[in-house]
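Residue-level structure breakdown
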Amino acid sequence: MTTTLAAQAVGSTVTLKVDGSDTAFLVVHQGNPDPGVYDASCEGTWLLMKDVYTERVWDNRNDYAASLLHAWLNGAFLELLDSGIRQAVKTVKLPYADADGSGVHSGGAGVSAQAFLLSMREMGTPAAQKAGLADEGALLDYFADGDGGEDPLRAAALGGTPTRYWTRSPYTTTSDQVWTVAGETGKCSYRDGSYSYGVRPALILPQAMPVSDGAVLPNGAPGITSASGVSGADLGARNAPFAFEYMPSDPEGASLSVTETLDQTVTRSLTAPSGSTLRFEAVYDSLSFLKLANGVHALQVTASDGMASAVFDASFTKAVTSASLTMAQPIAASAPITAASLTVGGSIPDDAALTVRLTNNAADDQPVWQDATEAVRQGKNILFANQTAANGPAFNFRIEVSRGPSGTGGYIDSVSGAFQ
């Protein structure tokens, strides 16, 4: 049965391939331990290797960000992970203490890492319990608050032998000592960083990562399909809003973050269930389509599961050579309408076929439309011949324009006027 890392209980065990071998990791936290202390990058499933992996020197100075062990974890060790897993390991910002105890760098100022050591505070020991200890972060859910004494939850072994291992916490009253955990009892004490002790790597993976029979699987990238064809499809010439439909899907069934882009400008962002049929909103919406210039336009849809993404490209040519405008609701008047004026703003070529009609009984079942084309072209008022308005006087207009023999395009950007 395939689930996700998000479904794994804190304290449960999953396996990752390290140097080709299935290696057990404990789920020690789900989510961000404390958004006030940790950067948003730390949102995910926190994994700690169940056993000590190897023994190495920390460094002769207890500055974690510049330490040899930090460099090894994010270099040689990271390369030992299966490539599909390694690509998904989050790059996070972790709280870490100054070696001299002058402060803790938290949030976005934390040390950048993919593989890392847990701090004393994350494993249950607050600074108030130990001299020479700073509070680096917050307690992880797997551990319990304590005084740094014996705790079997912290105990670990290397090859079956209980082995002392490093934390990332400096002993802040010196420049060369680091807090460690006794492998047999879980008791905390500090040791010289130039000695060789155990390493228990930790890392954070996205909670959407698939898990099958306890094994964390490489994430499957999402895909996007469309009845319009494959990515790169030419949707042809369009003279009116149209429905361009597509379907983003995720192999693990995760919800996807979807972004629609028109001519390199994001027009819509949403979260959609895997396998849902969506419609590109900017070309379906009448007003959005109306604002587009004639010519070729590029559409792009991106779907992401937070770890990988898929892109679908398409294009179409807007070819609108005529337009018509009217008011959806006429303007009612309290007295008979006898005259009106109308101005059509924009750019209308001289050879364009333009027709303007006005009515003073727009509320009637069969309004009387009066041609006002020449009056509008010349900026003159229109006197209405009709004097009947069974449903009361009401004003409306109809404008129809299309390209002339020259093929020169134009546009209407405003319609204004008055009546009496």
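- The name given to the protein chain in an unreviewed UniProt entry is DUF6273 domain-containing protein, with Candidatus Faecalibacterium faecigallinarum as the source organism.

1. Overview of the packing of aromatic side chains
- Throughout the structure, instances matching the rule amount to 18 aromatic pairs.
- Among the aromatic residues, those joined into a ring-pair cluster are Phe244, Tyr246, Phe280 and Phe312.
- The ring of Tyr284 carries the charged tip of Arg279 above its face, separated from the ring centre by 3.6 Å.

2. Regarding the sheet that holds strand S26 (residues 295-304)
- Overall, mixed pairing links the five strands, which are arranged S21-S27-S26-S23-S24 in an open sheet. Every interior strand has two partners, whereas the edge strands, strand S21 (233-238) and strand S24 (265-272), have only one. On average, adjacent strands in this sheet sit at an angle of 20° to one another, irrespective of strand direction.
- In the sheet, strand S23 (residues 256-262) pairs with S26 via six bridges, with the strands oriented antiparallel. When the bridges of S26 are listed, Ser257 appears paired with Ser304.

3. Observations regarding the sheet that holds strand S35 (residues 411-419)
- Pairing in this open sheet of three strands is antiparallel, and the strands run S33-S30-S35 from one edge to the other. The outermost strands of the open sheet, each flanked by one partner alone, are strand S33 (382-383) and S35.
- Alignment of strand S30 (residues 339-347) against S35, held across eight bridges, turns out to be antiparallel. Bridging from a neighbouring strand, Gly346 pairs with Ile412 of S35.

4. Observations regarding the UniProt feature "domain: DUF6273" (unreviewed entry) in the protein chain
- The sites that carry the UniProt feature "domain: DUF6273" (unreviewed entry) are, in the present numbering, residues 43-206.
- In residues 43-206, helix accounts for 10% and strand for 30%; the two terminal C-alpha atoms are 8 Å from one another.

Procedures and definitions
- Residues numbered from 1 in each chain as written.
- Predicted model: local features only at pLDDT ≥ 70, side-chain atom pairs only at ≥ 80, totals over all residues.
- Heavy atoms only, no water.
- Phe/Tyr/Trp six-rings, centres within 6.5 Å; stacked < 30°, edge-to-face > 60°.
- Lys NZ or Arg CZ within 6 Å of the ring centre and 35° of its normal.
- Pairing = 2+ DSSP bridges.
- Helix = DSSP H or I, 4+ residues; strand = E, 2+ residues; numbered from the N terminus.
- Axes fitted to C-alpha atoms, helices over the stretch in contact; angles between N-to-C directions.
- UniProt positions renumbered as here; feature names shortened; annotations may be inferred.

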